[in-house]
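Commentary on secondary and tertiary structure
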Amino acid sequence: MWSVARKIMMAQRMRLFVVLPILCLSACGLLPEEIDKTADWSASRLYTEAKSAFNDGNWEQAIKYYRRLESRYPYGRYAQQAQMESAYANWKDGDAAAALAECDRFIKLHPNHPNVDYMYYLKGLITFNDDLGYMGYLSSQDQSERDPKAARESFDTLKELMIRFPNSKYAADAQLRLNYLVNTLSAYEVHVARYYFKREAYLAAVNRSQYVLKNYPGTPAQEEATFIMMKAYEKLGMEDLRAAAERIMQLNYPDSRLYVDGLEAKKAWWELF
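**Considerations on the environment of threonine 226**
Positionally, threonine 226 belongs in helix 12 (residues 221–236). The residues contacting threonine 226, other than those within four sequence positions of it, are Leu213, Ala245, Ile248, Met249 and Tyr253.

**Focus: the pattern of salt bridges**
For side chains bearing opposite charge, pairing can occur when the charged atoms are close. Evaluation of the coordinates by the stated rule reveals 14 salt bridges. A salt bridge links lysine 149 to glutamate 153; its shortest N-O distance comes to 2.5 Å. Here lysine 149 pairs with glutamate 153, and both are found in helix 9 (residues 149–164), just four residues apart, close to one helical turn. For lysine 149, a relative accessible area of 48% puts it in the partly exposed group. Salt bridges sharing common partners tie together Glu70, Glu102 and Arg105.

**Points about a nonpolar patch on the surface**
Together, Leu203, Leu236, Met238 and Leu241 give the surface a local cluster of nonpolar side chains, amounting to about 330 Å² of exposed area. The topology assignment puts leucine 241 in helix 13 (residues 239–252). Look at leucine 241 and you get partly exposed, because its relative accessible area is 40%.

**Side note on helix 12**
Taking 1.5 Å as the rise per residue, helix 12 with 16 residues should run 22 Å; its terminal C-alpha atoms sit 22 Å apart, in good agreement. Along helix 12, twelve of the 16 residues are buried, which leaves the element largely enclosed by surrounding structure. Restricting attention to buried positions, one finds in helix 12 the residues Ala221, Gln222, Glu223, Glu224, Ala225, Thr226, Phe227, Ile228, Met229, Met230, Ala232 and Tyr233. The secondary structure elements touched by the buried residues of helix 12 are helix 10 (171–198), helix 11 (202–215), helix 13 and helix 14 (258–261). Once helix 12 ends, the next one or two residues include glycine 237, with phi positive near 75°.

**Details of the packing of aromatic side chains**
Per the counting criterion, the structure on display carries 15 aromatic pairs. Joined through ring pairs, the aromatic side chains of Phe54, Trp59, Tyr66, Tyr88 and Trp91 make up one cluster. Just above the ring of tyrosine 78 sits the side chain of arginine 77; from NZ or CZ to the centre is 4.3 Å. One residue, arginine 177, lies across the ring of phenylalanine 128, its end atom 4.8 Å from the ring centre.

**A short note on the confidence of the model for the protein**
Across the protein, pLDDT averages 84, with 77% of residues at or above 70. The low-confidence segment residues 29–34 (pLDDT under 50) makes five contacts with residues lying over four places distant or belonging to another chain.

**As for the nonpolar core**
In terms of nonpolar packing, the biggest core is built from 26 residues, with Met119, Leu158, Leu161 and Leu181 touching the most fellow members. When contributions to this core are tallied by element, the ones reaching two or more residues are helix 5 (77–92), helix 6 (96–109), helix 7 (116–128), helix 9 and helix 10. By residue number, the principal contributor to this core is helix 7, which donates eight residues. Ranked by size, the runner-up nonpolar core spans 19 residues in total, among them Phe197, Ile228, Met249 and Leu263.

**Thoughts on the packing of helix 7 against helix 9**
Helix 9 packs onto helix 7 with a crossing angle of 160° between their chain directions and a minimal axis gap of 8 Å. The angle between the axes of helix 7 and helix 9 places the two elements in the roughly antiparallel class. Read as a crossing pair, helix 7 and helix 9 show a hand that is left-handed. Seen from helix 7, the contacting residues are Asp117, Tyr120, Tyr121, Lys123, Gly124, Thr127 and Phe128; seen from helix 9, they are Ala150, Glu153, Ser154, Thr157, Leu158, Glu160, Leu161 and Arg164. Split by residue class, the contact of helix 7 with helix 9 holds six nonpolar, four polar and five charged.

**Some words on helix 9**
The end-to-end C-alpha distance of helix 9, which contains 16 residues, comes to 23 Å, matching closely the 22 Å that a straight helix rising 1.5 Å per residue would cover. Within the span of helix 9, buried status applies to Ala150, Ala151, Ser154, Phe155, Thr157, Leu158 and Leu161. The inward-facing, buried residues of helix 9 abut helix 7 and helix 10.

Conventions we followed
- Residues numbered from 1 in each chain as written.
- Predicted model: local features only at pLDDT ≥ 70, side-chain atom pairs only at ≥ 80, totals over all residues.
- Heavy atoms only, no water.
- Helix = DSSP H or I, 4+ residues; strand = E, 2+ residues; numbered from the N terminus.
- Contact = heavy atoms within 4.5 Å.
- Salt bridge = Lys/Arg side-chain N within 4 Å of Asp/Glu carboxyl O.
- Buried < 20%, exposed > 50% of the residue type's maximum accessible area, 1.4 Å probe, protein only.
- Patch = residues over 30% accessible without salt bridge, like charges linked within 9 Å, V, L, I, M, F, W, Y side chains within 5 Å.
- Areas by Shrake-Rupley, 256 points an atom, 1.4 Å probe, with all protein chains shown as cover.
- Expected span 1.5 Å × (residues − 1).
- Phe/Tyr/Trp six-rings, centres within 6.5 Å; stacked < 30°, edge-to-face > 60°.
- Lys NZ or Arg CZ within 6 Å of the ring centre and 35° of its normal.
- pLDDT = per-residue confidence, 0-100.
- Core = buried A, V, L, I, M, F, W, Y, C linked by side-chain atoms within 4.5 Å.
- Axes fitted to C-alpha atoms, helices over the stretch in contact; angles between N-to-C directions.
- Parallel < 35°, antiparallel > 145°, perpendicular 65-115°, else oblique.
- Left-handed = near helix turned anticlockwise from the far one by under 90°.
- Nonpolar A, V, L, I, M, F, W, Y, C, P; charged D, E, K, R; others polar.

Next comes the structure, spelled out in C-alpha cells:
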C-alpha cells in the first residue's frame, strides 16, 4: 500500500514540475506563440504595418516594427526604407540622439543611395531644431548664453548636402537654413565679444570681433563686430588700429546707431538680420 501511495505522490510532483513553469510563462505573457504576433510576418507586411503606424503618428509602434523588419530582413529595399523612416520616427518621438544615429548609419551604409541626400537634410534639420530654430530666436534668452554646438553641426551637415547634392530637391530649403545659421553663429560671436568687452577683456573682444569679420562676411553682425573692435583698440591704447577700425565703420556704416547707442543698448531679435 505504501508503495502505491508513494507512486501517486511522485506522479503528482512530476506534474507540478511540468505545469508550474508553463503557468509562470503564461502569467508573464511569454508563451512561445504569444512572444511576438509578428513572428511569421513577411517583410512586406512588417513594412506595411510600420508605415501605417508611421502615418498615424504612432511613432513608438512604428519604430518597433521598423526594428523587427531590419533584424529579420536586413537586406533589400524594405530594410533601407525602414532605416530612413525610423530616423524620422525617432526624431518625432523625441529621441534626437537615436534619430541622428540612424542618419549617420544610413549614410555610412548606403553612401550612393538615391535618397541619401534626404538623410543629410534630415540630419541637418534635427540639429537645426535642437533649441536653435526659429522659436529659439524668438525667446528672451541672450544668444550669448546659448551653446552654438547644434547650430554648427547643422551648418556643417547642410553645407555638405549643398556641396554633394546641389540639385537636390532639399537644396533650396537647406540654403535658407544655412543663411539663417550663418546669421545665428555670427550673432553669437558678437554677443560673446560684447560680453568680453564689458568685462574689460579687450584683447579677447578684439579676437572674437576679428573672427566674425573673417568667417562671416556680409552678415549684419559685422557692423557691431567692427564697432566692438574699434572700441576695444581704444581701450587698449592702440590708436593706429583704432583709427583703421573707425575708417571701416565710417565707410560701411556711416549712420550706425552704435555711434549713439554704444554697446549698452540691447538689440531686439529682429534687428539682428
